[in-house]
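If you want the building blocks of each chain, they are given just below.
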Amino acid sequence: DNLTKEEKAVMDKHADLSYHLLRVLNFDPKVLDLIKNHHKANSCSSFEQQIVSVADIYSALIENRPYKNPMPPKQAINIIEQSDFSPEVIEALKNI
């Protein structure tokens, strides 16, 4: 892990920050719950929660970050395919 403790703390807060911003904008409570808890998703999570989580992971992998260079999309998908997310969610990502 190349992140300092402080960088990891900032990164981990994005779900809470997004939740609070969208709550102020009166987003649907179900959407707010998906946003707030997307880091906790796994194969046992709801289909919707997995979609938000896979999108977040994919974005993190392909975007340039202060601590890493962007990854090619195909490589990011290969990594996500090794996860325990639903095959349907992974297939949907591959079809974008």
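The structure reproduced in this document is the subject of the present report. What you see is a predicted model, and the numbers here were worked out from it, not measured in a lab. (Residues numbered from 1 in each chain as written. Predicted model: local features only at pLDDT ≥ 70, side-chain atom pairs only at ≥ 80, totals over all residues. Heavy atoms only, no water.)

**Some details on the environment of lysine 8**
Reasoning step 1: When you line up the elements, lysine 8 lands in helix α1 (residues 5-12).
Reasoning step 2: When its relative accessible area of 35% is taken as the criterion, lysine 8 is described as partly exposed.
Reasoning step 3: Along the primary structure lysine 8 and histidine 20 are separated by twelve residues, whereas in three dimensions their C-alpha atoms are 19 Å apart. (Helix = DSSP H or I, 4+ residues; strand = E, 2+ residues; numbered from the N terminus. Buried < 20%, exposed > 50% of the residue type's maximum accessible area, 1.4 Å probe, protein only.)

**A few points about the packing of helix α4 (residues 47-62) against helix α6 (residues 87-94)**
Reasoning step 1: One way to put it is that α4 packs onto α6 with a least axis distance of 10 Å and a crossing angle of 45 degrees. Classified by the interaxial angle, the pair formed by α4 and α6 is oblique. Crossing of α4 against α6: the hand is right-handed. Along the contact surface, α4 presents Phe47, Gln50, Ile51, Val54 and Tyr58, while α6 presents Glu88, Val89 and Leu93.
Reasoning step 2: Broken down by class, the residue content of the contact of α4 with α6 amounts to six nonpolar, one polar and one charged. (Axes fitted to C-alpha atoms, helices over the stretch in contact; angles between N-to-C directions. Parallel < 35°, antiparallel > 145°, perpendicular 65-115°, else oblique. Left-handed = near helix turned anticlockwise from the far one by under 90°. Contact = heavy atoms within 4.5 Å. Nonpolar A, V, L, I, M, F, W, Y, C, P; charged D, E, K, R; others polar.)

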